[in-house]
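# Reading the structure
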Amino acid sequence: MTGSPFILVVLFASISSGYAAATRREAPSNMNGRYVVASGGNQGVPFNDDYGSKGHEYFDVYSPEIATHYGEVFWTDMGNNAIPKEIVDRFKGKVMAITGYEQDQVMVSPTGKPGENPDEDVSVPINWAYNHHYMAWMTGTHSKMERIQNPDPNDVSAHGSPMKWIAVDLPSATERLNADIPTNQMFSEGNGGESRKSFHGYPDGYAQLIDSPNQWHITPMQIDTRNRDCGVTPKDINNCTKFTPGPEPRQSRYGYGIPKEGTPYAGILECPCNSRYGGDPLIYGKDEKTKIINHHYSTISKTSCDVANNIDNAGECFDSVATLGINVYKNVTVTKAGNSAPHGCTVEKQGEGWYATYNQYQSSGQCSVSSTKMGNATFDIGVKIAVDLSDSTATLTIIGPVDVWFAVGFNAVQMSDSPYTIVVNSDGVQERQIGTCGSEAEHCPGDVLNTTVKVVSTKTEDGTRTVILSRALKGLNSKYYTFDPSQDSQIKLISAVGSSQKFAYHKNHSTSVLPLVSPQGSTCICDLGKTGSLCETNGTNCQTFTKNCVAAPAGDLLSQRNPTCNSEQYAGGLRCCAHKRIMLDADQPIRPELLRYHMKFRFWFKEYAVDGEQVSHYNLPRIYYQTEAWAGEYDIPPAFALPGYPVIGYPDWPLNEPTPGTTCTGTCPGGEDCECIHTITYKWTVSNIRLIYAGGHCHAPSCISMELYRNDTGHNMELLCRQVPVYGKGNVTHNKFDETGYLALPPCLWGNDKGLNPSVLLPQNTPLVSIKKNRNTHMGHYGEMASWQMRGVTF
Ligand SMILES: *[C@@H]1O[C@H](CO)[C@@H](O)[C@H](O)[C@H]1NC(C)=O
Ligand SMILES: *[C@@H]1O[C@H](CO)[C@@H](O)[C@H](O)[C@H]1NC(C)=O
Ligand SMILES: *[C@@H]1O[C@H](CO)[C@@H](O)[C@H](O)[C@H]1NC(C)=O
Ligand SMILES: *[C@@H]1O[C@H](CO)[C@@H](O)[C@H](O)[C@H]1NC(C)=O
Ligand SMILES: *[C@@H]1O[C@H](CO)[C@@H](O)[C@H](O)[C@H]1NC(C)=O
Ligand SMILES: *[C@@H]1O[C@H](CO)[C@@H](O)[C@H](O)[C@H]1NC(C)=O
Ligand SMILES: *[C@@H]1O[C@H](CO)[C@@H](O)[C@H](O)[C@H]1NC(C)=O
Ligand SMILES: *[C@@H]1O[C@H](CO)[C@@H](O)[C@H](O)[C@H]1NC(C)=O
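In this text, all values refer to a predicted model and were calculated from it rather than measured experimentally. (Residues numbered from 1 in each chain as written. Chains lettered and ligands numbered in written order. Predicted model: local features only at pLDDT ≥ 70, side-chain atom pairs only at ≥ 80, totals over all residues. Heavy atoms only, no water.)

The secondary structure content of the protein chain amounts to three helices and 49 strands. Considering only C-alpha atoms, the protein chain reaches an extent of 95 × 60 × 55 Å along its principal axes. The buried share of the protein chain, reckoned over its 795 residues, is 55%. When contacts within the protein chain are restricted to residue pairs at least 6 apart in sequence, those whose partners lie at least 24 apart make up 72%. A total of about 33,200 Å² of accessible surface is found on the protein chain, and carbon and sulfur atoms cover 50% of it. One way to put it: in the protein chain the 65 positive side-chain charges average out to a point 1 Å from where the 80 negative ones average out. (Helix = DSSP H or I, 4+ residues; strand = E, 2+ residues; numbered from the N terminus. Buried < 20%, exposed > 50% of the residue type's maximum accessible area, 1.4 Å probe, protein only. Contact = heavy atoms within 4.5 Å. Areas by Shrake-Rupley, 256 points an atom, 1.4 Å probe, with all protein chains shown as cover. Lys, Arg positive; Asp, Glu negative; His and termini not counted. Charge placed at Lys NZ, Arg CZ, Asp CG, Glu CD.)

See below:
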């Protein structure tokens, strides 16, 4: 090993602002003061967390400026940033052993000039700007960052984005002297709100190795929580040190509002969905349209619904028939067993009209599977269509405004589906295939098709034009839609209206689904499940998703129906927290004052050395698992639904019954001694790993513990690591990082250093069990995490 001289070079740099100042100091010291670790340290000799005293060197780097409004989310990659030139030069063609790092977020002076006066850096309290998490990288001359299509939409490192950043080798990587040394390193251990007082260092002999480092990169996720009435500049740092929350959207804190007795944390740090995006109907009502929940009711081409899809009450039956746009002249509820109507919800034709029947009793009656069907659809832009399908012919009645062109496209939900389309105007009827276009914003008139429809009649009255057309069921070729009444139970349609008679860019457009019903016998209507979409105000830019939540027995998210798992239940978290979104309701104003600060990292390092068979440090690859597999986050519902406060995400949860995952002691929910805990567990298997560092990632303010057990033969539920957050007490004059209610997570470390437990090799197929607990007696929490951010070796 090479010894480092006890002269420490402190360097500052940032490519974007062009700073590279250098100063010298006598004694090195931790940037954030002293730390504790969770394992060892209890045999009287504490682990030495003071890097400088162990002869490690460091350099500091700053991110470009982050400038946000109150409630704003900052979550984007900040580009390629330089590390100090002296460091780059010194390690050209050499290997740096990164032995740990420290992280802070600082306001600098002068504003916008990081590194000019590091002694005047002012740490931004975590209750001003909440670091939800960060992912940082260091790259070298043989690697670069690349933004790739995310192959897995549930990949947590992308958090729902279709793209993600990774570090990749350059071709030169294979031609190096140090070809077995990594070209890049990632830093995402002990990240988040707990990052500053959580130790990110490794025992002697272990490090993150990197060849020829020259740049660093960060994608922070920040939420601005500073109440602007308290001031937002360095001189306001001592104002409102007892946390004073700013405005919060109504969905924050499960709709309970900011407690009158005060609160130590900002509800907006949990990314509550709100009336700007994703707000739940339980809070905002259905009219807000920020979360659109639909039962997928459908007519079917089968003799009965699958059992799971049965509609099981009369009200829902008649409502679903109405939702499908089927006009009935009566609703019939069967009151006695023995009726011939099929079981469940059906519609039937009688004379010229239709009626709906709900039969709760089992029945020998079956729905018809006929090859003649009919149905109607109405578009909210003033267009209607009736379809009547016989064995061979389709008769279409299309009604629209008399003064402009109008059109209906078949089997499509958007123009880019390139549908077969019938266009009607004062000249008559034209068949077209709409052109392929990248987005619906483009005008894609497509191609005129040879005529296959016969105009039976046209009529204009009361401002509408009605055309009746007939056509063979089978389309002439693949450009034409083919009607298949024996198979189809519904037809997806789009419609548009123009600004004049001349077919051109549409003035308005809409979609509809046309349910097909059989004119002979009954047609079954089934509930094919719920869907939900999260949308911006007024129901725009909607997104629908289902996460790959872990199923039992490996984990609990799916069996507990955790609301994080799909856009129907989703109530808060990363999906509502996109870059630049404001975590406030649409009617809450955006304050103009910007909070301006930088992420600051101090990297501690040594020179890597090889002496024959001996190396100074072993590289530590990342080992990462989620107790909330593979959702990337999860919700802690409040322990009970209370009168007037249904649980968002579990809207139908009954009163007086603990929510999924909750266990309580005492008299609950009302008693003073009631105490409840929410638990999730995850079980998996690892082979041949030796853990050196293990950090649990969980959030303020409800995290109780994370425990990691091995459970192989002879080691029945043997505790490997227990993470217990150290909560801040608010004595910030004594320690600036002691913000009330926020936390630090002392990691587990294993090694030969004084004060540590020795590391253990976990053999082939070792079952591991992670157990995560949160307090939820009176309050729930959105977007909590329970991941294990670990480093280790394989020997
Ligand atoms: C400090 O905060 C209080 C609100 O608690 C506010 O009235 C006062 O103006 C703030 N002072 C400054 C300098 O911003
Ligand atoms: C049948 O029930 C639906 C849903 O409640 C309702 O909208 C419709 O008006 C009812 N029709 C008749 C004829 O009662
Ligand atoms: C479709 O509408 C026509 C005209 O209003 C009506 O006669 C027919 O019964 C409707 N069919 C269905 C299935 O609702
Ligand atoms: C489009 O139609 C919708 C629904 O009828 C209506 O609310 C909207 O104002 C229309 N837009 C235009 C540009 O006509
Ligand atoms: C229309 O019919 C003509 C004559 O049969 C044929 O040559 C042409 O390819 C057809 N066009 C389309 C778009 O099918
Ligand atoms: C939502 O719709 C209302 C009423 O049309 C309109 O005043 C408001 O500007 C819309 N809001 C957004 C964000 O589009
Ligand atoms: C631990 O292993 C034992 C023996 O295989 C098994 O019975 C038990 O269910 C395991 N515990 C957990 C929490 O998986
Ligand atoms: C804050 O910490 C300082 C230094 O340890 C101590 O003197 C002071 O009493 C503490 N204040 C409170 C309120 O605990």
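From this point on, the discussion continues.
The full count for this structure, using the stated rule, is 12 disulfides. Disulfide pairing places Cys 305 opposite Cys 526 at an S-S distance of 2.1 Å. Disulfide Cys 305 to Cys 526: torsion about the S-S bond roughly -95°, handedness left-handed. Of this pair, Cys 305 sits in the loop between β15 (291-299) and α3 (314-323) while Cys 526 is found in strand β30 (residues 522-536), placing the two residues 221 residues apart along the sequence. By relative accessible area, which is 12% here, Cys 305 ends up buried. For Cys 664, the disulfide goes to Cys 676, at an S-S distance of 2.1 Å. Disulfide Cys 664-Cys 676: torsion about the S-S bond near 110°, hence right-handed. (Disulfide = S-S within 2.5 Å.)

Okay, the side chain of Ser 370 next. Mapping Ser 370 onto the fold places it in the loop between β18 (353-359) and β19 (373-379). A distance of 2.8 Å separates a polar atom in the side chain of Ser 370 from the backbone oxygen of Thr 372. Here Ser 518 takes part through its side chain, which lies 2.9 Å from a polar atom of the side chain of Ser 370. (Polar contact = N/O pair within 3.5 Å; in protein donor to acceptor, adjacent residues only side chain to side chain.)

Looking now at the sheet that holds strand β21 (residues 393-401). Ordered by their spatial adjacency, five strands build an open sheet running β19-β20-β21-β27-β26, and the pairing between neighbours is antiparallel. At either margin of the open sheet sits one strand with a lone partner, and together these are β19 and β26 (454-461). Here the strands of the sheet are splayed against their neighbours by 10° on average, with no regard to which way each runs. Examined bridge by bridge, β26 and strand β27 (residues 464-472) share seven bridges and lie antiparallel to one another. From the neighbouring strand, Ser 457 faces β27, where its bridge partner is Ile 468. (Pairing = 2+ DSSP bridges. Axes fitted to C-alpha atoms, helices over the stretch in contact; angles between N-to-C directions.)

Strand pairs in the sheet, formed through backbone hydrogen bonds, run parallel or antiparallel to each other. Taking strand neighbours across the sheet as the criterion, the six strands line up as β25-β24-β23-β22-β28-β29 in an open arrangement whose pairing is antiparallel. Two strands lie at the open edges of the sheet, namely β25 (447-448) and β29 (508-515), each paired on one side alone. Note that strand β23 (residues 420-425) and strand β24 (residues 428-433) share six bridges and pair antiparallel. Across the sheet, residue Val 423 finds its bridge partner in β24, namely Gln 430.

The next thing to look at is the domain arrangement of the protein chain. When its domains are assigned, the protein chain resolves into domain 1 (19-33 + 49-228 + 594-644 + 662-793), domain 2 (273-370 + 518-571) and domain 3 (375-497). Its C-alpha centre places domain 1 at a distance of 57 Å from the equivalent point of domain 3. (Domains from an automatic or database assignment.)

Moving on: α3. Every buried residue of α3 is accounted for by Ala 314, Glu 316, Cys 317, Phe 318, Ser 320 and Val 321. If you follow the buried residues of α3, they end up packed against β15, β16 (330-333), β17 (344-350), β18 and β30. Two to three positions downstream of the cap, the backbone nitrogen of Gly 315 sits 3.2 Å from a side-chain oxygen, assigning the N-cap of α3 to Asn 313. Gly 325 lies just past α3 and shows a positive phi near 80°.

Turning our eyes to something else, we now look at the packing of aromatic side chains. Tallied over the entire structure, the rule returns 34 aromatic pairs. Here the aromatic rings of Tyr 618 and Phe 795 are separated by 5.0 Å at their centres, their planes lie at 65°, and the arrangement is edge-to-face. Taken as a pair, Tyr 618 in strand β35 (residues 618-619) and Phe 795 in the segment after β49 (787-793) lie far apart in primary sequence, 177 residues in all. Residue Phe 795 is classed as partly exposed on the basis of its relative accessible area, which comes to 45%. Of note, Arg 602 hangs over the ring of Tyr 58, and the distance from its end group to the ring centre comes to 3.8 Å. (Phe/Tyr/Trp six-rings, centres within 6.5 Å; stacked < 30°, edge-to-face > 60°. Lys NZ or Arg CZ within 6 Å of the ring centre and 35° of its normal.)

Further remarks concern the site of ligand 7. Surrounding ligand 7, one finds Lys 683, Asn 711, Met 717 and Val 769. Note that an oxygen atom of ligand 7 is positioned 3.1 Å from one of the side-chain N or O atoms of Lys 683. The side chain of Asn 711 places a nitrogen or oxygen atom 2.4 Å from an oxygen atom of ligand 7. Relative to its unbound accessible area of 360 Å², ligand 7 is 42% covered by the protein chains. (Near = heavy atom within 4 Å.)

Turning our eyes to something else, we now look at empty space enclosed by the protein. One pass over the full model with this rule turns up six cavities of 30 Å³ or more. Taken as a whole, the largest cavity holds about 190 Å³ of empty space. Lining the largest cavity are 20 residues, and of these Met 415, Ile 494, Ser 495, Ala 496 and His 506 sit closest to its centre. If you list the elements that add at least two residues to the lining of the largest cavity, you get β22 (406-410), β28 (490-497) and β29. For the lining of the largest cavity, the residue count by class is 10 nonpolar, nine polar and one charged. (1 Å grid on protein atoms, 1.4 Å probe; cavity = no way out; pocket = protein on both sides within 12 Å on 5 of 7 lines; lining within 4 Å. Points joined across faces, edges and corners; volume = space filled by probe spheres on them. Nonpolar A, V, L, I, M, F, W, Y, C, P; charged D, E, K, R; others polar.)

In total, this model carries 27 salt bridges according to the counting rule given. Between Lys 94 and Glu 607 there is a salt bridge, and its shortest N-O distance comes to 3.5 Å. Taken as a pair, Lys 94 in the loop between α1 (85-90) and β7 (95-107) and Glu 607 in strand β32 (residues 595-607) lie far apart in primary sequence, 513 residues in all. Overall, Glu 607 belongs to the partly exposed group, its relative accessible area being 22%. Residue Glu 189 is joined to Arg 791 by a salt bridge in which the shortest nitrogen-to-oxygen separation is 3.0 Å. Within this pair, whereas Glu 189 is found in the loop between β12 (184-187) and β13 (206-211), its partner Arg 791 is found in strand β49, the two being separated by 602 residues in sequence. What makes Arg 791 buried here is its relative accessible area of 2%. Put simply, Glu 57, Arg 90, Lys 94 and Glu 607 are held in one network by salt bridges that share partners. (Salt bridge = Lys/Arg side-chain N within 4 Å of Asp/Glu carboxyl O.)

Our focus in this paragraph is the environment of Gln 366. With respect to the helices and strands, Gln 366 occurs in the loop between β18 and β19. Residues Gln 366 and Gly 521, spaced 155 residues apart in sequence, show a C-alpha to C-alpha distance of 8.6 Å.

On to unusual backbone geometry, then. Outside of glycine, negative phi angles account for most residues, and trans bonds account for most peptide bonds. The peptide bond linking Ala 552 to Pro 553 adopts the cis configuration, its omega dihedral lying at 5°. When you line up the elements, Pro 553 lands in the loop between β31 (540-543) and β32. Omega for the peptide link from Ala 629 to Trp 630 comes to -20°, which places this bond in the cis form. Checked against the element boundaries, Trp 630 lands in the loop between β36 (622-626) and β37 (634-636). In the Ramachandran plot, Lys 289 falls in the positive-phi region, its phi being about 60° despite a non-glycine side chain.

Looking now at the nonpolar core. Judged by nonpolar contacts, the single largest core of 54 residues is most densely connected at Met 221, Leu 557, Trp 684, Leu 708, Tyr 742, Trp 788 and Met 790. Counting residues per element, this core draws most heavily on strand β39 (residues 675-686), which supplies four residues. Each of domain 1 (19-33 + 49-228 + 594-644 + 662-793) and domain 2 (273-370 + 518-571) contributes no fewer than three residues to this core. Apart from the residues lying within four places of it in its own chain, the contact partners of Tyr 742 are Ile 126, Asn 127, Tyr 130, Pro 264, Tyr 265, Ala 266, Leu 269, Ala 700, Val 726, Tyr 727 and Gly 728. Core analysis: the next-biggest nonpolar cluster, separate from the first, contains 30 residues, Phe 91, Ile 98, Val 232 and Phe 605 among them. (Core = buried A, V, L, I, M, F, W, Y, C linked by side-chain atoms within 4.5 Å.)

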